[in-house]
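The chain contents come next:
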Amino acid sequence: MAGFEFLLQQLVTGIANGMLITLIAIGYTLVYGIIEMINFAHGDVFMLGAFSALTFLQLVGAQAVRRVRNVDQAPSPETYLWLVLAMILAMVFCAALNVMIERFAYRRLRRGGRMAPLISAIGVSFMLQNVGLYWKGASPVNFPRFIPQIDLVKEIGIDSFVRFTTKDLFVIVVTVPLVIALTVFIQRTKLGKAMRATAQDRDAAQLMGIDINRTIALTFLLGGALAGAAGLVSGLYNNTANFQMGFSYGLNSFTAAVLGGIGNLNGAMLGGVFIGVLAALSDGYIDPRWTPVVIFGTLNLVLILRPTGILGQESAERA
Amino acid sequence: MTLQSRPPIGPVVLEIDDIHTYYGNIHALQGVSMNVREHEIVTLLGSNGAGKSTTLRTISGILRPRTGSVTLRGKRIDNVAAHDIVRMGVCQSPEGRHVFPRLTVDENLDMGAFIHSDAQVADDRNRVLTLFPRLRERLKQRAGTLSGGEQQMLAIARAMMGRPTVLLLDEPSMGLSPLLTDVIFDAIKEINATGVTVVVVEQNAQLALSIADRGYVMQTGRIVLTDSAAALTQNETVRKAYLGEG
Ligand SMILES: Nc1ncnc2c1ncn2[C@@H]1O[C@H](COP(=O)(O)OP(=O)(O)OP(=O)(O)O)[C@@H](O)[C@H]1O
Ligand SMILES: [Mg+2]
C-alpha cells in the first residue's frame, strides 16, 4: 500500500472514531460547563445505550438480522426502520437515565462542594457497569451486522487500497447532523441560550426567571441522548459491545473534552476528531499498544502549554 | 428628555416584615422591615456591609430569610423560588451588573425576556434600546467586552425586558462617571414614570435621595432610620454619614 493511501486510510478510520468520541465528549463538556463537575458515569450511560439498542434489535429485528447476514448486500428497507427505532430508543433511554442520575445522585450534593458529586459519580459509574454486567454478561457480545460493509471507493470505480465503507459513511451520516443540531440548539434557541446563561452566571440566570434545576436537567438530557446515539453507532460500527466499553470510550472522550477545553462545545468537537485521528495514526504508524501513551502524552503536552485546553477560557473569565 | 407625569402613589405592593437572613452563621439581616408603595421610588442607603444587597437578594428569592416574611401584593413570596418571583413581576439588576459575559448584548436582552414569548418582546426591546441608544450600537458585541457603564445600562435594560412591576436596582451608579450616572438616573426616572415601582440601593445618597420619594437607612443588618427623601436630605445623621458633611 502506497504511503499516501495508507495515511488516507488511517484518517478515514480516525475521523469515524473521532466523531463517535465527539458525541460522548459533548456530554462531558456540557455538564462540566454548567455545574463544573466531571460526570464519571457518562461513559457507562453510553455503554447502556449500546446495550439497550442491542436488546431492542435482538428482540424485534431478529428476522431483519437474518436477512442481512450477507454483509456485502444492501439492507432491506425495514432494516432502516429498525435502525431508526433503535436509535430513538437508545437516545430516549440514555436521556432519561442521565436525567435520573442527576436528579437522584448529584442534585442534592451540588451545594456540598466539588468533591461530593464527583465521588457520587464514580459510585454511579460502578453501579451502571454492574447493571451492564448483569444485563449482557462478562464477555463481549456480538452486535448484529445491520450495516453492510461495502467499499464505496471501489463501488464508484476507483482502484485504490483505501477503503471508505458504508459503515464509515453511516457513522458520519448519523453523528454530523446530531452535532450540528445540538450546536444550533445551544446557539440559537431560547433554552440553549438559557443553558449558556446558567453556565456563565447562575444567580443572574435565576434573576431572569430561568429555572436552574430544569436547565441543568436539560443539559443532562441532551448529553444522555447523544451518548445513547453514540452507543448504537459504536455497536453497529464495531459489531461488538461489552460492559467495560464505557470506561475505555469514556476515558478517550473525557480526554478529548479536556484537550479541546472542557466546558467548550467546539472544543469537544475539535478534541474528539483530534483524538480519533491521533489514535488511528498511532495505531497505524507506531503500534496500537503505544496508542494510550501517545494520547495521554499529547494531553500532557497540550495541558502544559495551555492549561485550559486548546479552546478553553481562563477559569477567572468563566466564572 | 421630556419627563412624563408620574402616576399617583398607590397602596403598598411590597412589604418586608422583620426578616432575618443568614450566610451560614453570619447573621446579615437582623430584623429588617420596610414597605414599598405602588409607583414609588424608594432608596435603601447604608455603608458597606450594612445588608442592602442582602435585602434585595432576599426579596428576589436568591436568599431565604430564616424568619420573617416578604409579601408581594398580599401574597407571601419568601418561600417562592427565585425564578417564579420574576414571573410575579419583580426584576433585579444586581450589584456588579452580572451581565452574561460571553453572550452578546442582544442575547442578554433575550435572557431578560426569558419568561415572555409573545409579540410584545420586540416592542420591549425597542423601548429599552431607545432608553439606552448606546446598546443598540453594540447588539452583536459580547457583553463582557462592554465598558462598565455600558454593562450597567445592559443590566438595567435586561431587567426591564422582564416587564417588572417592581424593579430592584443594586448600586446602578457604581464605578460610573458623573455624566453616565446622570444618564442612568434619568433612565430610572423615566422607567418609574411609566408605572414601574423602583427600589434603588445607592452609595451616592445625594443622587438617590434626589429622585426618591422615601428612603430607608441601614446599619449592620438593621433599619435605623426611615423618612421622606426630603426629610432625610435634611437629617443631621444622614448629612454627616452619607452626604459627606461634617
Ligand atoms: N456570600 C456571603 N457570604 C458570607 N457573608 C456575606 C456574603 N455576602 C455578604 N455577606 C456579609 O453580609 C453582610 C451584608 O452584606 P451586603 O452585601 O448585603 O452589604 P451591602 O450593604 O450591600 O454592602 P455594599 O454597600 O458594600 O454593597 C456583610 O457583613 C457581608 O460581609
Ligand atoms: Mg451591596
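Residues numbered from 1 in each chain as written. Chains lettered and ligands numbered in written order. Predicted model: local features only at pLDDT ≥ 70, side-chain atom pairs only at ≥ 80, totals over all residues. Heavy atoms only, no water.

A. Molecular detail of a nonpolar patch on the surface. All names here are of chain A. A cluster of nonpolar side chains, Phe40, Met115, Ile119, Ile122 and Phe126, forms an exposed patch at the surface whose accessible area comes to about 500 Å². As for its position among the elements, Met115 is in helix α5 (residues 115-136). The class for Met115 is exposed, based on a relative accessible area of 55%. (Patch = residues over 30% accessible without salt bridge, like charges linked within 9 Å, V, L, I, M, F, W, Y side chains within 5 Å. Areas by Shrake-Rupley, 256 points an atom, 1.4 Å probe, with all protein chains shown as cover. Salt bridge = Lys/Arg side-chain N within 4 Å of Asp/Glu carboxyl O. Helix = DSSP H or I, 4+ residues; strand = E, 2+ residues; numbered from the N terminus. Buried < 20%, exposed > 50% of the residue type's maximum accessible area, 1.4 Å probe, protein only.)

B. Broad picture of the packing of aromatic side chains. Tallied over the entire structure, the rule returns 8 aromatic pairs over all chains. Geometrically, the ring pair formed by Phe56 of chain A and Trp82 of chain A is edge-to-face, given 6.4 Å between the ring centres and 65 degrees between the ring planes. Remark: Trp82 of chain A occurs in helix α4 (residues 77-106) and Phe56 of chain A occurs in helix α2 (residues 42-60); sequence separation between them is 26 residues. With a relative accessible area of 17%, Phe56 of chain A lands in the buried category. Taking the ring centre of Phe104 of chain A as reference, the NZ or CZ of Arg103 of chain A above it sits at 5.7 Å. Above the plane of the ring of Phe114 of chain B lies Lys190 of chain A, whose end atom (NZ or CZ) is 5.8 Å from the centre. (Phe/Tyr/Trp six-rings, centres within 6.5 Å; stacked < 30°, edge-to-face > 60°. Lys NZ or Arg CZ within 6 Å of the ring centre and 35° of its normal.)

C. Quick peek at the packing of helix α11 (residues 245-260) of chain A against helix α13 (residues 291-305) of chain A. All names here are of chain A. Orientation of α11 relative to α13, taken along the N-to-C sense of each, is 20 degrees, at an axis distance of 10 Å. Here α11 lies roughly parallel to α13, going by the angle between them. As for how α11 packs across α13, the hand of that crossing is left-handed. Across the interface between the two elements, Leu251, Asn252, Thr255, Val258 and Leu259 from α11 touch Ile295, Phe296, Thr298, Leu299, Val302 and Leu303 from α13. (Axes fitted to C-alpha atoms, helices over the stretch in contact; angles between N-to-C directions. Parallel < 35°, antiparallel > 145°, perpendicular 65-115°, else oblique. Left-handed = near helix turned anticlockwise from the far one by under 90°. Contact = heavy atoms within 4.5 Å.)

D. View of α2 of chain A. Given a rise of 1.5 Å per residue, 19 residues ought to cover 27 Å, and the 27 Å separating the end C-alpha atoms of α2 of chain A matches this to within 8%. Extensive coverage of α2 of chain A is indicated by the burial of 16 of its 19 residues. (Expected span 1.5 Å × (residues − 1).)

E. Fine view of the coordination of the magnesium ion (ligand 2). All names here are of chain B. Looking at the metal site, the magnesium ion (ligand 2) is ligated by Ser53 (OG) and Glu95 (OE), spaced 1.9 to 2.4 Å from it. Residue Ser53 is located in helix α1 (residues 52-60), and its partner Glu95 is located in the loop between β6 (90-93) and α3 (105-112); the two are separated by 42 residues in the primary sequence. With a relative accessible area of 16%, Ser53 lands in the buried category. Taking relative accessible area as the criterion, Glu95 reaches 32% and is therefore assigned partly exposed. (Donors = N, O, S within 2.8 Å, 3.2 Å for Na, K, Ca; no water.)

F. Highlighting the site of ligand 1. Residues and elements named next belong to chain B. Taken together, the neighbourhood of ligand 1 is formed by 14 residues, with Lys52, Ser53, Thr54, Glu95 and Gln203 sitting nearest. Contact distances for ligand 1 include 3.5 Å between a nitrogen atom and a side-chain N or O atom of Tyr23. The side chain of Gln203 places a nitrogen or oxygen atom 2.7 Å from an oxygen atom of ligand 1. Look at ligand 1: alone it shows 630 Å² of surface, and the protein chains cover 64% of it. Broken down by element, the residue count for the shell around ligand 1 peaks at 3 residues, all from α1. (Near = heavy atom within 4 Å. Polar contact = N/O pair within 3.5 Å; in protein donor to acceptor, adjacent residues only side chain to side chain.)

G. Molecular detail of the sheet that holds strand β1 (residues 12-23) of chain B. Residue and element names in this part refer to chain B. Reading across the sheet, the 4 strands line up as β2-β1-β4-β5 and stay open at both edges, with antiparallel pairing between neighbours. For this open sheet the edge positions go to β2 (26-37) and β5 (75-76), each flanked by a neighbour on one side alone. When strand β4 (residues 67-72) meets β5, the two strands line up antiparallel, connected through 2 bridges. In the strand pairing of β5, Leu72 is matched with Lys75. Where α1 meets the sheet, its contacts fall on β1, β2 and β4, and the angle it forms with β1 comes to roughly 115 degrees. (Pairing = 2+ DSSP bridges.)

H. Focus on the sheet that holds strand β7 (residues 166-170) of chain B. Residue and element names in this part refer to chain B. A sheet is described by the order of its strands in space; here 6 strands give the open sequence β6-β7-β8-β3-β9-β10, paired in mixed fashion. Here the strands that pair on one side only, and so sit at the sheet edges, are β6 and β10 (222-228). Here the average twist between neighbouring strands, direction ignored, is 15 degrees. Direction of pairing for β6 relative to β7: parallel, over a ladder of 4 bridges. Bridged to Ser93 within β7 is Leu169. Each of β3 (41-46), β6, β7, β8 (197-201) and β9 (214-219) touches α1; the most contacted strand, β7, lies at about 150 degrees to it.

I. Quick peek at the pattern of salt bridges. Residue and element names in this part refer to chain B. In total, this model carries 20 salt bridges over all chains according to the counting rule given. Here Arg134 makes a salt bridge to Glu150, at a shortest N to O gap of 3.1 Å. One end of the pair, Arg134, is in helix α5 (residues 133-137); the other, Glu150, is in helix α6 (residues 148-160), with 16 residues separating them in the sequence. Owing to a relative accessible area of 35%, Arg134 belongs among the partly exposed residues under this scheme.

J. Summary view of the pairing of β1 of chain B. All names here are of chain B. Bridge analysis of β1 against β2 gives 9 bridges, and the strand direction is antiparallel. What sits directly across from Val12, in β2, is Arg37. Taking the residues that link successive antiparallel strands as the turn, the β1-β2 hairpin has 2 residues, and the phi of Gly24 there is positive, at about 60 degrees. Direction of pairing for β1 relative to β4: antiparallel, over a ladder of 5 bridges. Paired with Glu15 across the strands is Thr71, a residue of β4.

K. Local environment of the interface of chain A and chain B. Opposite the 21 residues of chain A that make contact, chain B presents 25 residues. Overall, the association of chain A and chain B removes approximately 2100 Å² of surface from exposure, summing both partners, and the carbon and sulfur fraction of that is 59%. The interface formed by chain A and chain B holds 3 salt bridges in total. Between Lys193 of chain A and Asp110 of chain B there is a salt bridge, with its nearest N and O atoms 2.5 Å apart. Considering each element in turn, the side of chain A that touches chain B owes the most residues, 7 residues, to helix α8 (residues 190-200) of chain A. Taken together, the residues of the side of chain A that touches chain B sort by class into 8 nonpolar, 5 polar and 8 charged. (Buried area = accessible area lost by both parts, 1.4 Å probe. Nonpolar A, V, L, I, M, F, W, Y, C, P; charged D, E, K, R; others polar.)

L. Here's a closer look at the nonpolar core. Core analysis: the biggest nonpolar cluster contains 146 residues, and Tyr106, Phe143 and Leu236 of chain A together with Met111 of chain B have the highest contact counts within it. When residues no more than four places from it in sequence are discounted, the contact partners of Tyr106 of chain A are Met37, Asn39, Ala41, Ile101, Pro117, Ser120, Ala121, Val124 and Phe220 of chain A. Ranked by size, the runner-up nonpolar core spans 25 residues in total, among them Leu29, Val42, Leu56 and Val90 of chain B. (Core = buried A, V, L, I, M, F, W, Y, C linked by side-chain atoms within 4.5 Å.)

M. Up close: helix α1 (residues 3-35) of chain A. Residues and elements named next belong to chain A. The end-to-end C-alpha distance of α1 is 46 Å, a good match for the 48 Å that 33 residues give at a rise of 1.5 Å each. Roughly 25 degrees is the biggest bend found in α1, and it falls at Ile24. Burial analysis of α1 places 24 of its 33 residues in the buried class, which makes it a mostly covered element. Downstream of α1 by a residue or two, Glu36 has a phi angle that is positive, lying close to 50 degrees. (Bend = angle between axes of the 7 residues up to and from the residue.)

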